Amino acid sequence: MRPRETRSCGRHRLRLLNIIMVLVPAALGACATRARAPEPVAAPPAVAPREPPRRVALSADELRHEIDEILDAPPLHRAHWGVHIIDARTGAVVYSRNADRHFIPASNMKLAVGAAALALLGEDYRYETQVLVTGRNGDRVDGLVVVGSGDPTWSSRFYPDDAAALDSMAAAVARAGIRSAGELIVDATLFRDEQVSAAWEVGDLPWSYAPPVASFAVAEGTFSLVMEGGQRAGEPGSLRVIGPVSQPVSGTVATDTVGARASLSIEYTARRDTVYVNGRVAPGATDTSRLAVTRPAERAAAALAQALGRAGVATERVRVVRDTAVAGEIAAGAAHLTTYRSAPMRDIVAGLMQPSQNWVTEQVLKTLGAELAGDGSWAGGGAAVEQYMIEDVRVDSGAVRVRDGSGLSAQNLLTPATIVALLAYAQEQPWRAAWHDALAAPGMQGSTLSGRLRALDGRLRAKTGTISNVNALSGYVVDANGRELIFSIIVNATGLPAATAGAAIDRIARTVAGAEPPSGGN
């Protein structure tokens, strides 16, 4: 959160509270300054609140001038900018720069995946995870079989906690009268056995924003690791895993000096089943990190076995099956016990777009491949999204390249004009209400716009995007004349902190909406 700006004018000094009330009006009259749209603050100001930002209707020429001035000002002028803005009603171009050039879209790629999911799977689509049994004899079964559906909702994002869905499934098994199983079998064959995308950078893989994907997984493919410092500097600290996923971890924690910031390094290349870490933390301090699991299906299967145990169902062994022939043989001799259904796709798309959740998006992408082409892979899902964009949205085939769903890959390519075309197309579809609700809004808790563009509250819905040297914002905004505009703003090769590029994008959005005073204005 950015601190409030303070200004002083000449000799005016605010010494005592009673003097404030006398001098402030005179000071403001003597040296007025142009106020920017207010930023969120931790507490309301002690003096009278600022007036809401005035809406300034700009002519077409003025708008072009204002946007050009932002894009051409150092140090932003060295970056590669793409901007496309149209009138939602008429389709007329309001502003355009490099709109047909390729850009790495970062998380704006989620727009394409979300739209394809709503259109091709349907906003009422629900994942169905089947539970089968083999060799039942009274309250015992030889095999308790869970057929992974790729359901991305088994986490605290959609349930009270990460273990809630597992506990619910275990309770259903117990209610069916089963008390023991010789084997818990998880069928993980729906998705191809490629847990991380070949288009991702190795340095991203240990962290919670790039966990491995599987057709049966919990807690979004992550686990929580707690580091605790010793009582004094130099003493060894400790590590522990919390939550439903029992991820093996090995490493050391050193107790740093008082007040030191916690640090954690992960040796990714050495890991197989075990995560190897080294950390430092201040004396008596506790630091919690969210990290990627090693084998999501195995970790989820183990967590389900524990949930079954809590429900009074004992399991002797746990096995994950990735061979389709073996899975087919097991299913052929099995009887249906129960089916666990997810939240509808409209809620899932909101859950991936508003907070920009990478793992949920990749699960949906692979689901598209599995459902539409029988290929639950990044290639299969990417082909489904590309086909949808080209054949349904009717964009140029050369303007879309999908290498993952989340936008974490720098190999994805979209054009600003393509994104605007998708946004315009979505407004005409039966699922347009679900689509609109899935986008983030200024101040929306838990979204990527929770602390941005508060001056546009009630007038903007959009999707953000951020990876190294890439920032984006695309969506809908109502301008000062009440006209709805569809826009896409993408910048690549910034060489700048994300906050710097993001601030420029926000200024463009406010300018377009008429909530940013024109340069040189009063």
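Data block above holds the structure.
Now for a description of the structure that goes with this document. (Residues numbered from 1 in each chain as written. Predicted model: local features only at pLDDT ≥ 70, side-chain atom pairs only at ≥ 80, totals over all residues. Heavy atoms only, no water.)

1. A short note on the side chain of Lys366
Thought 1: Topologically, Lys366 is positioned in helix α8 (residues 358–373).
Thought 2: Beyond its immediate stretch of four places on either side in the chain, Lys366 contacts Phe191, Arg192, Glu194, Val213, Asp375, Gly376, Ser377 and Trp378. (Helix = DSSP H or I, 4+ residues; strand = E, 2+ residues; numbered from the N terminus. Contact = heavy atoms within 4.5 Å.)

2. Comments concerning the pattern of salt bridges
Thought 1: Applying the stated criterion across every chain, the model contains 26 salt bridges.
Thought 2: Residues Arg310 and Asp167 are paired through a salt bridge, measuring 2.7 Å at the closest nitrogen-oxygen approach. Residue Arg310 is located in helix α5 (residues 296–310), and its partner Asp167 is located in helix α4 (residues 164–175); the two are separated by 143 residues in the primary sequence.
Thought 3: Given a relative accessible area of 54%, Arg310 falls into the exposed group.
Thought 4: Its salt-bridge partner being Arg507, residue Glu516 comes within 3.5 Å of it at the nearest N-O pair.
Thought 5: Look at Arg507 and you get partly exposed, because its relative accessible area is 23%.
Thought 6: The network of salt bridges with shared partners includes Asp68, Asp72 and Arg97. (Salt bridge = Lys/Arg side-chain N within 4 Å of Asp/Glu carboxyl O. Buried < 20%, exposed > 50% of the residue type's maximum accessible area, 1.4 Å probe, protein only.)

3. Details of the pairing of strand β6 (residues 222–228)
Thought 1: When you tally the buried positions in β6, you get six out of seven residues, the bulk of the element.
Thought 2: One ladder, built from seven bridges, connects β6 with strand β11 (residues 286–292); its direction is antiparallel. Looking at β11, one finds that Leu225 is bridged to Ser289.
Thought 3: When β6 meets strand β7 (residues 238–242), the two strands line up antiparallel, connected through five bridges. Across the sheet, Val226 pairs through a bridge with Arg240, a residue of β7. (Pairing = 2+ DSSP bridges.)

4. Re the sheet that holds strand β9 (residues 263–267)
Thought 1: The strand order β8-β10-β9 describes an open sheet built from three strands, whose pairing is mixed. Strand pairing shows two members of the sheet lacking a second neighbour, β8 (249–255) and β9, which therefore form its edges. The average angle at which neighbouring strand axes cross in this sheet is 15 degrees, direction not considered.
Thought 2: With five bridges joining them, β9 and strand β10 (residues 275–281) adopt antiparallel strand pairing. Looking at β10, one finds that Ser265 is bridged to Asn278. (Axes fitted to C-alpha atoms, helices over the stretch in contact; angles between N-to-C directions.)

5. Brief notes about helix α10 (residues 416–426)
Thought 1: Of all 11 residues in α10, eight are buried, a share of seventy percent or more.
Thought 2: Among all positions of α10, only Pro416, Ala417, Thr418, Ile419, Val420, Leu422, Leu423 and Ala426 are buried.

6. Quick word on empty space enclosed by the protein
To find leftover empty space, a probe the size of one water molecule is rolled over the atoms.
Thought 1: One pass over the full model with this rule turns up two cavities of 30 Å³ or more.
Thought 2: Reported here for the largest cavity is a volume of approximately 80 Å³.
Thought 3: Ala57, Leu58, Asp479, Arg483 and Val512 are, among the 13 residues lining the largest cavity, the residues nearest its centre.
Thought 4: Of all the elements, helix α12 (residues 498–513) adds the most residues to the lining of the largest cavity, at three residues.
Thought 5: Counted by class, the lining of the largest cavity contains eight nonpolar, three polar and two charged residues.
Thought 6: Of the voids in this model, the second largest cavity is the one considered here, and its volume is about 40 Å³.
Thought 7: Lining the second largest cavity, in full, are Thr129, Ser149, Gly150, Asp151, Trp154, Ser215, Phe216 and Ala217.
Thought 8: Its residues assigned to classes, the lining of the second largest cavity shows three nonpolar, four polar and one charged. (1 Å grid on protein atoms, 1.4 Å probe; cavity = no way out; pocket = protein on both sides within 12 Å on 5 of 7 lines; lining within 4 Å. Points joined across faces, edges and corners; volume = space filled by probe spheres on them. Nonpolar A, V, L, I, M, F, W, Y, C, P; charged D, E, K, R; others polar.)

Any functional reading would require information that these geometric values do not contain.
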